[in-house]
Every structure is written in structure tokens, then in C-alpha cells.
Amino acid sequence: MQFTSGPQLIWGPNAAGKTTLLEAVVLLGLGKSHRTTTDSELIRWGADYLRVEGMVGQAGDAASVPSDVTLEVSFQAGGRKRIQVNGVPRRPAVLADYLRTVLFAPEEMLLVVGPPALRRTALDTLTTPHDRSYASNLATYGRALQQRNSLLRAIREGGAERDQLRLWDEPFLAAGSAVVAARLRLLDVLAEPLAAAHREIAPAEERLTISYATNAPPLPGEGPREALARRLRETSDKEMWNGSTLVGPHRDDMVFGIGARDLSTFASRGQQRTAILALKLAELDLLTELDGKPPLLLLDDVFSELDPARRGHLVRRIAELPQALITTTHPDDIDADLRRQARPWRVIPGDDPGSQALAGEIGGARVVEGGR
């Protein structure tokens, strides 16, 4: 299938494959899914490999990037992930140079009050495009954390010596402090776009903020590395007892606030959704500022979660974008102005005879144009 410019309205029954389509786009832009951290879970039941390929048309200066770029992500069960750009193997971080996305999905409606892991994932997604080394530092930190935890368990069980931790403390501190520093820089850059987007949606409310909640707060004169090293020393005995690393960016959080109040403790559902929508609009603005090219907006059945006023703000932003992919169970659930602008696509489950005007296939489902 080939999506044109403007809004693309993708509709069909639940479990038809609409979210799978958006997940495939996210995979091409990030090299990973937004729904799972386990690649093998992406492979279709009964298959032993996954392959997603897409062609991205590039606007702007043709001398800087090719006009059309083919992106491919593939892997076999138990095998290594393979990423190619125009047939050439590349690292996952390169994908965002060609396809930047902003995803707004139902699970993100829990961003304010849900578990910290949800907010850390959102923060990682926000930070990666703004720091070329962030993905690498995050991966290095993850490996060091895994090895350090294995060693802590071995020490607890008498199978290793405490001094052996020094082997993994250095990469843990170097990568961990780099991750924290990058997150702090991103939140500093995000502050004004976030406040501006919030004023646009809720002009009567106080300023919306996001602060970083770290388990290694720096003392005067300390940077992230010094603070993290000190906290490792302070928690070392407890780590031996627990057999796991108790401090570091894998346990940090970000806090939404209005004024001096934590949104997670007092905000209404409407205020929470306003904050999340403001974050997504600010993310759109920040990514556009990188090189003047707006990202691809992916909306996974979120209009039903927003009241008419918030829908109106989102529709106006969609109208300003070169392209957006919007899923819903039925077109009538979408704002009437947006329906008039959008090109409709119907997703038909694989066991439904449906229309024969086949335009594409994803995960066993067929995608056909039209059907409003």
C-alpha cells in the first residue's frame, strides 16, 4: 500500500491488525516495538521470522538524503536483528534519520499515573533523537546492569567475590551518568514547548512541568557520575543482600506537575489527558525543530479517549502536518472535519472475504482503500 500526503484514516474491527500496522511503522523508525521489549514476540504465530520493509519519501534538500529510502528490519526467532537502509546494513539509531515518528496510543493515557517504567520508556523515546550517543549509552548501561546483577546474585550465594564488582562498576557509571545527563538536557529543552502546548489547550491552568526524579540526587558540587558513584557506595551492603542493583537510571522517573503539585496525586482524568496531549504536541514541535521536517504522527484509536475540545486541538495540529496515520474502529468515531480531509483505508481480518480491491497486507490482514 502507498499512503499519500495528509491524514490517513485506517479503520476496522478490534483485533483486525490496525495497531500491528502502526507497530510496523514504529519498528521501521526506531528498530524496536513500542509494545514489547522482546523481539521474538513480534513474530507472527506459526512463523519463524519477521520482516518489515517500507519506502519513505524524503522532502527537502535532495543533496542531503536520497529522495526515496527503503528501510528494512528483519530477524529470525533466536537470531540477531538485521537493519538495512537501501540494502546496506546499518545501526538502529540511523533509522530515525529517515523516519521520525510520534506515537499517541491508548496505553499512554496512563503516562501520568501509571508505572515508572512507562514514563522511562517515553523519556527514552524523547531523548534518543536529540542525542546521537543516547541509544548506544543506554544499550551499554543495560548490558552492564545485567552483568552487575548476575554478579551480585553470585556474591550473595558465595560464588563470587565482592571485589569483582569493580569490573562492571566503570561501564555502569560511565554509561549510566551519560544517560542521566542526556535526560536532564532533554527535559530542559522540552520545558518551554511543553508549557506552550499546555497553554494552548488549557489557558486557565498553571504552567505544566516535567521534573526528573532520580534515586541518586547530586549533592552540591556533584555531577551525575559522582552522585551515582556515591549512591552505589551507600547501598552496597543492601545490594549484596538483595542480589540486584538498587540505584541508577533504570529506577529513575519523571514527574508531571502543575505549579508545585504532583499531577499523579490530585489531577482529574481530564487534566491528566491534557498533560499527555501537551507532551505529544511538544514532542512534535521538538522533532520538527531538529531540521525543519515534521515527524510522522501515529494515532492509535485515541480520539475516543479525548473530549471534543481536546480533539479539536489535535485535529488542528494534524491538519498542519505533511502526513498522519490514524486508526479507529469506525470512521464515524472521528471528528467530522478530519474525516473530510482524510484518505480512508479499511483493515479486513484475514478470515473475512471482504473487498477484493487489495491494496496491502500486514500480519495476515488485508488493507483496502475506501469503505467509508
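That block above? That's the structure.
These lines cover the structure that appears in this document, whether it is placed above or below. These numbers come from a predicted model, not from an experiment. Starting from 1, residues in each chain are numbered consecutively following that chain's sequence as written. Since the coordinates come from a predicted model, pLDDT governs what is reported: local features require at least 70, and pairs of side-chain atoms require 80 or more to be given and counted, while whole-chain, interface and lining totals use all residues. Only hydrogens and water are set aside; all other atoms, that is, all heavy atoms of the structure, feed into the side-chain values.

## A few points about the sheet that holds strand β2 (residues 49-57)
Phase 1 of the analysis: At least two bridges found by DSSP between two strands is the condition for calling them paired. The numbering of helices and of strands both runs from the N terminus, where a helix is a DSSP run of H or I of at least 4 residues and a strand a run of E of at least 2. In spatial order, the strands read β2-β3-β4-β5; together these four strands make up an open sheet with antiparallel pairing. Edge positions in the open sheet fall to β2 and β5 (88-89), since each of these has one partner strand only.
Phase 2 of the analysis: Pairing between β2 and strand β3 (residues 68-76): nine bridges, direction antiparallel. Residue pairing in the sheet places V56 in a bridge with V69 of β3.
Phase 3 of the analysis: Throughout, a residue-residue contact means that at least one pair of heavy atoms, one from each residue, lies within 4.5 Å. Lines fitted to C-alpha atoms define the axes, with helix axes restricted to the stretch in contact, and inter-axis angles between N-to-C directions lie between 0 and 180 degrees. The sheet strands contacting helix α1 (residues 18-30) are β2 and β3, and the helix crosses β2 at an angle near 75°.

## Observations concerning unusual backbone geometry
Phase 1 of the analysis: Of note in this structure, A15 is not a glycine but carries a positive phi near 65°.
Phase 2 of the analysis: The exposure class assigned to A15 is exposed, which follows from its relative accessible area of 84%. Burial classes follow relative accessibility: with a 1.4 Å probe on protein chains only, a residue under 20% of its type's maximum area counts as buried, one over 50% as exposed, and anything between as partly exposed.

## Let's talk about the pairing of strand β4 (residues 82-85)
Phase 1 of the analysis: Pairing of β3 with β4, which is carried by four bridges, proceeds in the antiparallel orientation. What sits directly across from L71, in β4, is V85.
Phase 2 of the analysis: Two successive antiparallel strands, β3 and β4, enclose a turn made up of five residues, where G78 displays a positive phi of approximately 80°.
Phase 3 of the analysis: Between β4 and β5, which pair antiparallel in sequence order, lie two residues; one of them, N86, sits at a positive phi of approximately 55°.

## Brief notes about the side chain of T327
Phase 1 of the analysis: One can find T327 in strand β11 (residues 323-328).
Phase 2 of the analysis: Two N or O atoms form a polar contact when they lie within 3.5 Å of each other; inside protein one atom must be a possible hydrogen donor and the other a possible acceptor, and for residues adjacent in sequence the pair counts only when both atoms belong to side chains. Among the polar contacts listed, one links the side chain of T327 to the side chain of D300, at a separation of 2.8 Å.
Phase 3 of the analysis: Only 2.9 Å separates the side chain of T327 from the backbone nitrogen of D301, close enough to count as a polar contact.
Phase 4 of the analysis: In this structure T327 touches I10, K18, L22, L299, D300 and D301, once residues within four positions along its chain are discounted.

## Considering the pattern of salt bridges
Phase 1 of the analysis: Whenever a carboxyl oxygen of Asp or Glu lies within 4 Å of a side-chain nitrogen of Lys or Arg, that contact is scored as a salt bridge. Under the criterion given, the structure shown has 24 salt bridges.
Phase 2 of the analysis: The partner of R100 in a salt bridge is D291, with the nearest N and O atoms 3.0 Å apart. Here D291 lies in helix α7 (residues 269-291) and R100 lies in the loop between β5 and β6 (101-104), a separation of 191 residues in the sequence.
Phase 3 of the analysis: Among the residues examined, R100 registers a relative accessible area of 19% and is labelled buried.
Phase 4 of the analysis: Overall, D291 belongs to the partly exposed group, its relative accessible area being 38%.
Phase 5 of the analysis: Here D169 and R148 are joined by a salt bridge, their closest N and O atoms 2.7 Å apart. Taken together, the positions of D169 in helix α4 (residues 166-201) and R148 in helix α3 (residues 134-156) put the pair 21 residues apart, joining distant regions of the chain. The exposure classification of D169 matches that of R148, with both residues buried.
Phase 6 of the analysis: By sharing partners, the salt bridges in this structure join E222, R230, R231 and E234 into a single network.

## Considering empty space enclosed by the protein
Phase 1 of the analysis: A pocket here means an open set of points on a 1 Å grid, computed over the protein atoms alone, that has protein on both sides within 12 Å along at least five of seven lines. A cavity is instead a set of points where a 1.4 Å probe fits but cannot get out; residues with an atom within 4 Å of a point line either one. Grid points are joined across faces, edges and corners, and a volume is the space filled by probe spheres set on the points. Scanning the model with the defined rule gives one cavity of 30 Å³ or more in all.
Phase 2 of the analysis: For the largest cavity, the calculated volume is near 120 Å³.
Phase 3 of the analysis: Along the walls of the largest cavity sit 13 residues, with L30, T101, T125, P129 and L287 positioned nearest its centre.
Phase 4 of the analysis: Contributions of two or more residues to the lining of the largest cavity are made by α1, α2 (116-127) and α7.
Phase 5 of the analysis: Among the elements that line the lining of the largest cavity, the one with the most residues is α7, at three residues.

So yeah, pure geometry; function would need other evidence.
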